[in-house]
Amino acid sequence: MTLIKTKIGRRSFLKTSAAAGGGLMVSFSWLAACEPMGKEAALTMPKEWFDFNAFIKIGENGVVTIKCPNPEFGQGVKTSMPMIVAEDLDADWKQVIVEMAPFNTDLYTRQLSGGSQSIRQGWNTLRMAGATARHVLKQAAAELWQVSLEEITTDAGLIFHKSSEKSMGYGEVASMAAKLPPPDAVELKEPKDFKIVGTSRKNVEGLEIVTGKPLFGVDVKKEGMLIAMIVHPPAFGLKLKSFDDASVRSLPGIKNVFSFQTFNDDYQQNYFDTNTFPELVAIVGNSTWEVLNAKKALRVEWEQFDHRSFEMDAFGNKVTVDVPGGLESSLDHMARMKELNAKPGTVLRKDGNPEEAFKKAAKVIERTYSAPFLAHNTMEPMNFFAHVMSDKAEVAGPLQAPEFIEKTLSARLGMPLENIDIKMTRMGGGFGRRAYSHHLVEAAVISQKVGAPVKLMYTREDDMTFGIYRPTYMATYRAGLDENDKLMAFHVRAGGIPESPLGRSANRFPAGSVDHYLAEEWFIESNITIGAFRAPRSNFLAGAEQSFLDEVAEAAGKDPIEFRLQLLERAKNDPVGEENDYDAHRYAGVLELVREKSNWGQERPGVSRGVSAYFCHNSYAAHVLDMKMENGRPRVENVTCALDCGIVVNPDAAANMAEGAIVDGIGNAFFGEMTFRDGVPEKSNFDKYRMIRAHEAPRSIEVHFVKNEIDPTGLGEPPFPPIFGAVANALYKGTGKRHYNQPFLGEGITLG
Amino acid sequence: MAIFNLNVNAEPRQIDVDPNTPLLWVLRDHLDLPGTKYGCGIALCGSCTIHVNGVATRSCQLPVSAVGNNEVITIEGLSEQGDHPVQKAWLQHDVPQCGYCQAGQIMSAAALLKSSPNPSDEQIESAMSGNICRCGTYLRIKEAIKTAAKL
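Residues numbered from 1 in each chain as written. Chains lettered and ligands numbered in written order. Predicted model: local features only at pLDDT ≥ 70, side-chain atom pairs only at ≥ 80, totals over all residues. Heavy atoms only, no water.

## Here's the deal with the overall build of chain B
Then, number 1: Counting secondary structure elements, chain B contains 5 helices and 5 strands.
Then, number 2: Its helices and strands in sequence order give chain B the pattern β-β-α-β-β-β-α-α-α-α, from N to C terminus.
Then, number 3: A compact globule built from 151 residues would reach a C-alpha radius of gyration of about 15 Å, and chain B, at 15 Å, matches this within 12%.
Then, number 4: Taken over the C-alpha atoms alone, chain B extends approximately 45 × 25 × 25 Å along its principal axes.
Then, number 5: Across the 151 residues in chain B, those meeting the buried criterion constitute 62%.
Then, number 6: Looking at chain B alone, contacts between residues at least 24 apart form 55% of all its contacts between residues at least 6 apart.
Then, number 7: Taken as a whole, chain B presents about 5,500 Å² of accessible surface, with 47% of it coming from carbon and sulfur.
Then, number 8: Here chain B contributes 11 positively and 14 negatively charged side chains, and the mean placements of these two sets differ by 8 Å. (Helix = DSSP H or I, 4+ residues; strand = E, 2+ residues; numbered from the N terminus. Rg over C-alpha atoms; globule rule 2.2 N^0.38 Å. Buried < 20%, exposed > 50% of the residue type's maximum accessible area, 1.4 Å probe, protein only. Contact = heavy atoms within 4.5 Å. Areas by Shrake-Rupley, 256 points an atom, 1.4 Å probe, with all protein chains shown as cover. Lys, Arg positive; Asp, Glu negative; His and termini not counted. Charge placed at Lys NZ, Arg CZ, Asp CG, Glu CD.)

As structure tokens, this is what we get:
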């Protein structure tokens with residue numbers, strides 16, 4: 001039995017009927033107004049609901065509603081987070097309905113999808129929500145039956161008193177139980193007793209998705225709603241000079257054309273307020289097509305800015321951000337990166353005496369890797385609904401992190417936070433892009449100006465050319481082997497535009513497994529904006545490092561898995577340094593599992609194999625990728641994947657996400673690239689920006705999980721970074737050529 | 001502006017719009033059928049796929065003036081209860097992640113099965129190569145199509 005204090009997040013567990021019934025939280029719900037589907041249609045709705053806490057209400061007939069606190073962008077939290085609540089509530093999953101929770105930082109902590117943290121950081125809170133409700137249900141039953149609480153048991157929505165053979169459903173005692181105060185401490189289930197967590201449950205919105213129900217931000221529609229679009233500078237380094245509104249004002253359906261600043265001049269931005277183009281032109285009209293036509297016709301003049309700077313509050317640190325002027329090009333970026341990567345950088349970690357060790361080494365291997373800027377390209381382009389009235393504002397749309405933007409919006413509208421309601425819709429993808437919600441503020445500013453509800457829509461071209469990209473990176477790795485081919489020295493120097501990939505990762509493997517280690521970094525300023533992209537920084541480092549380790553293993557004449565395991569053995573038994581931020585046992589565990597499941601070492605004719613492993617975002621991932629050459633082109637035959645993310649909440653959905661991360665990684669390794677010429681993003685739609693397609697995906701993927709009872713960690717990001725290395729290593733085996741610069745298409749190789 | 005009489009999901013619908021308006025925006029803005037999605041506007045991602053006389057068609061590139069009285073079916077009209085074999089197979093394989101592209105994927109898959117009731121892997125890959133899934137659910141899509149072929 002695990003007893004856990006309910007003090008943390010206690011407000012979530014107090015009875016919340018006042019909050020749940022009041023004002024803004026339920027002030028608009030047209031998305032829910034669609035016909036009930038799936039379970040809601042199949043279940044008989046109760047006559048009355050009884051609120052237990054911010055997560056749970058139970059009807060008199062035993063139907064349970066569980067609210068999902070975090071926004072859904074395809075990672076499956078809308079199913080898995082309620083599963084965790086249902087587990088410790090001991091609910092019957094067939095009787096559970098899931099609702100999106102309102103955004104409310106008083107009731108919920110961390111309503112944020114990002115960093116693969118939803119399950120990890122939600123775990124205890126979600127379990128407590130279920131357990132506290134179960135506790136008061138049992139308590140009410142004990143009172144009703146006049147028996148001791150200890151003799152009461154539950155199972156799948158039913159309460160039992162075994163010795164007197166009494167039983168009843170949760171619904172029968174819900175009204176009584178909901179009035180009881182939550183306990184000071186609650187009993188959580190042991191993992192061995194889990195009945196829901198660890199079993200595969202279908203996506204709770206599956207039926208709505210396959211029948212085309214309005215779930216997404218772009219589907220929001222409200223009486224009197226206008227459509228808005230923005231026109232932004234066509235190049236980084238440009239700003240608005242003037243525009244000729246007369247050129248489009250008289251076009252059919254057009255209501256208004258004006259320029260606006262997303263933030264006020266005196267506003268101090270936060271870290272996620274990334275605002276690529278401070279001033280935009282808005283076009284507002286009756287329908288999407290009419291606004292699109294006006295957008296094409298609008299005549300705008302742009303001019304270069306010299307330099308701008310702004311104050312930022314980066315998690316409490318006040319910093320001045322300098323944005324250089326100039327029109328940047330990818331060719332110059334590459335040249336400047338090479339230049340800086342050849343010089344010493346800022347030392348992040350140093351163990352032993354790397355300089356001396358490299359001099360003494362019997363063999364030294366040095367290789368340089370690079371990767372380009374990437375656009376997120378969520379299938380649902382940026383958009384937001386906003387209805388700003390004189391005294392309140394309602395906004396709804398796709399965003400990963402409402403708490404990052406609420407104060408920004410409040411400051412911009414000059415409206416107190418409590419008068420602003422942010423509704424989280426299902427997102428058509430996120431991948432980090434929707435942690436930055438400038439488009440929400442833009443929609444609200446436009447609505448305020450025109451005095452009407454507005455849906456702001458980005459075109460695909462707007463979405464792809466608006467910045468907030470994955471940065472471009474370069475890294476040089478150097479390894480020294482002694483006369484026995486043992487790794488004695490390791491050196492990584494990495495940087496990027498406009499950030500280094502290494503800052504938070506210098507203490508990762510192989511640090512800790514080698515006596516002489518050096519990590520250093522550099523960066524180059526740019527006016528091209530960047531942001532989180534599925535496993536930020538790791539998504540470059542893993543591919544470079546794991547490709548490099550493959551070459552070092554080869555130079556040492558060792559099997560690449562065995563070579564890594566020997567290093568991890570050192571990290572387990574006699575680690576170098578004290579700040580190694582990985583668990584060498586778990587790291588080795590995924591390599592051992594992938595070695596077993598892939599039948600590593602069994603050669604198959606015509607199949608080349610590459611291995612890669614990485615630790616990031618608290619979870620461990622290893623892949624073995626099998627490639628075949630068909631008609632002179634590589635085709636991924638199979639990927640065997642081993643993951644350690646602790647307890648797996650929803651195994652089939654978790655496997656789905658790992659499969660997706662693998663496909664995503666293969667696609668980006670071969671095709672992903674944004675380039676610039678004179679500040680202009682050279683790709684603005686899928687004609688030039690190549691995305692992996694059905695015929696380029698692996699023929700099969702097998703996902704295996706390390707079985708343990710460790711509290712769960714995230715999975716959206718960890719399987720993604722190492723796939724780049726597995727691709728590069730299999731390609732080498734298949735073609736005899738090492739690939740150092742992503743995308744590999746640029747090196748003349750494409751998928752079959 | 002001009003008046004058009006359309007046959008959408010087996011119902012007569014009348015709208016008054018610019019003749020050049022792509023059917024995608026007519027469906028989404030004017031006919032309250034938002035299941036068909038905008039993804040690229042240039043017929044390269046497949047999110048906007050519908051059926052015109054049973055043929056998978058990108059509605060973002062189809063002007064409303066070219067539709068005539070041809071039979072238009074959107075995801076909302078593919079089945080009455082969400083029980084088209086492709087929809088059932090999609091649920092069985094728990095295909096969607098974010099779900100945004102899936103209406104287009106399902107419409108492409110349903111059209112494929114109409115013309116090729118037992119498609120090979122190569123036929124599936126070829127027929128589905130016009131539909132991008134950013135989440136990377138291609139393997140489940142392929143398995144679901146094979147399941148749907150048996151339903």
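## Section: the overall build of chain A
Then, number 1: Within chain A, the regular secondary structure consists of 19 helices and 32 strands.
Then, number 2: Here the C-alpha radius of gyration of chain A, 28 Å, is about what a compact globule of 752 residues would show, namely 27 Å.
Then, number 3: Projecting the C-alpha coordinates of chain A onto the three principal axes gives extents of approximately 80 × 75 × 50 Å.
Then, number 4: Out of the 752 residues in chain A, the part that is buried amounts to 63%.
Then, number 5: When contacts within chain A are restricted to residue pairs at least 6 apart in sequence, those whose partners lie at least 24 apart make up 77%.
Then, number 6: As displayed, chain A offers around 27,300 Å² of accessible surface, 49% of which is attributable to carbon and sulfur atoms.
Then, number 7: Side-chain charges of chain A comprise 85 positive and 97 negative groups, with the mean position of each set lying 2 Å from the other.

## Section: the sheet that holds strand S2 (residues 11–17) of chain B
Residue and element names in this part refer to chain B.
Then, number 1: With mixed pairing, the 5 strands of this open sheet are ordered in space as S2-S1-S5-S3-S4. Edge strands, defined here as strands with exactly one partner in the open sheet, are S2 and strand S4 (55–58). Taken over all neighbouring pairs, the strand axes of this sheet differ in orientation by 45° on average, direction set aside.
Then, number 2: Strand direction decides the pairing type here: strand S1 (residues 2–8) and strand S5 (residues 71–73), joined by 2 bridges, are parallel. Residue pairing for S5: Val-8 is matched across the bridge by Val-72.
Then, number 3: The sheet strands contacting helix H3 (residues 102–115) are strand S3 (49–52), S4 and S5, and the helix crosses S3 at an angle near 35°. (Pairing = 2+ DSSP bridges. Axes fitted to C-alpha atoms, helices over the stretch in contact; angles between N-to-C directions.)

## Comments concerning the state of the cysteines
Then, number 1: Counted according to the given criterion, the structure contains 0 disulfides over all chains.
Then, number 2: Just so you know, Cys-60 of chain B is unpaired, no disulfide at all, and the nearest cysteine sulfur is the one on Cys-48 of chain B, 3.8 Å from it. (Disulfide = S-S within 2.5 Å.)

## Comments concerning the interface of chain A and chain B
Then, number 1: The partner chain B presents 51 residues to the 61 residues of chain A that form the contact.
Then, number 2: Taken together, the two surfaces of chain A and chain B that pack against each other cover about 4,600 Å², and 57% of this comes from carbon and sulfur.
Then, number 3: Sorting the residues of chain A by area buried against chain B places Val-210, Trp-289 and Met-379 of chain A first, and these three jointly supply 17% of that buried surface.
Then, number 4: Where Arg-140 of chain B meets Glu-659 of chain A, a salt bridge forms, and the shortest distance between an N and an O atom there is 2.9 Å.
Then, number 5: Across the contact surface, chain A and chain B share 26 residue pairs in polar contact (both at pLDDT 80 or more).
Then, number 6: Here the side of chain A that touches chain B is composed, by residue class, of 26 nonpolar, 19 polar and 16 charged. (Buried area = accessible area lost by both parts, 1.4 Å probe. Salt bridge = Lys/Arg side-chain N within 4 Å of Asp/Glu carboxyl O. Polar contact = N/O pair within 3.5 Å; in protein donor to acceptor, adjacent residues only side chain to side chain. Nonpolar A, V, L, I, M, F, W, Y, C, P; charged D, E, K, R; others polar.)

## A few points about the packing of aromatic side chains
Residue and element names in this part refer to chain A.
Then, number 1: For the structure shown, the criterion picks out 35 aromatic pairs over all chains.
Then, number 2: Between the aromatic rings of Phe-490 and Tyr-517, the centroid separation amounts to 6.1 Å while the plane-to-plane angle is 5°, which identifies the pairing as stacked. Here Phe-490 is found in strand S25 (residues 487–497), whereas its partner Tyr-517 is found in strand S26 (residues 516–523), with 27 residues between them in sequence.
Then, number 3: Members of the aromatic cluster, joined through ring pairs, are Phe-236, Phe-277, Phe-373, Tyr-458, Phe-466, Tyr-469 and Phe-676. (Phe/Tyr/Trp six-rings, centres within 6.5 Å; stacked < 30°, edge-to-face > 60°.)

## Looking at the pairing of strand S29 (residues 633–644) of chain A
Residue and element names in this part refer to chain A.
Then, number 1: The buried fraction of S29 amounts to 11 of the 12 residues, a majority that puts the element mostly inside the structure.
Then, number 2: As judged from the 11 bridges shared by strand S28 (residues 619–630) and S29, these two strands associate in the antiparallel manner. From the neighbouring strand, Val-624 faces S29, where its bridge partner is Thr-640.
Then, number 3: Remark: 2 residues form the turn of the hairpin made by S28 and S29, two consecutive strands paired antiparallel; Asn-631 in that turn has positive phi of roughly 55°.

## Comments concerning the packing of helix H2 (residues 85–92) of chain B against helix H5 (residues 138–150) of chain B
Residue and element names in this part refer to chain B.
Then, number 1: Axis separation between H2 and H5 bottoms out at 8 Å; the angle between their running directions is 130°. The orientation of H2 with respect to H5, classified from their angle, is oblique. Crossing of H2 over H5 shows right-handed handedness. Here H2 contributes Pro-85, Val-86, Ala-89, Trp-90 and Gln-92 to the contact with H5, which in turn contributes Ile-141, Ala-144, Ile-145, Thr-147 and Ala-148.
Then, number 2: Within the contact of H2 with H5, the residues separate by chemical class into 8 nonpolar, 2 polar and no charged. (Parallel < 35°, antiparallel > 145°, perpendicular 65-115°, else oblique. Left-handed = near helix turned anticlockwise from the far one by under 90°.)

## Description of the side chain of Ser-79 of chain B
Then, number 1: Take Ser-79 of chain B: it is sitting in the loop between S5 and H2.
Then, number 2: Setting aside residues no more than four positions away along its own chain, Ser-79 of chain B makes contact with His-84 and Gln-87 of chain B.

## Some points on the nonpolar core
Then, number 1: One finds Ile-446, Leu-625, Ile-666, Phe-670 and Val-727 of chain A together with Trp-90 and Ile-145 of chain B to be the most contacted residues of the largest nonpolar core, which totals 155 residues.
Then, number 2: Among the elements that line this core, the one with the most residues is helix H18 (residues 651–670) of chain A, at 10 residues.
Then, number 3: Not counting chain neighbours up to four residues away, the residues in contact with Ile-145 of chain B comprise Trp-90, Ala-109, Leu-112, Leu-113, Pro-119, Ile-124 and Met-128 of chain B.
Then, number 4: Grouped together as the second largest cluster of nonpolar side chains are 53 residues, Val-492, Tyr-517, Phe-540 and Val-552 of chain A included. (Core = buried A, V, L, I, M, F, W, Y, C linked by side-chain atoms within 4.5 Å.)

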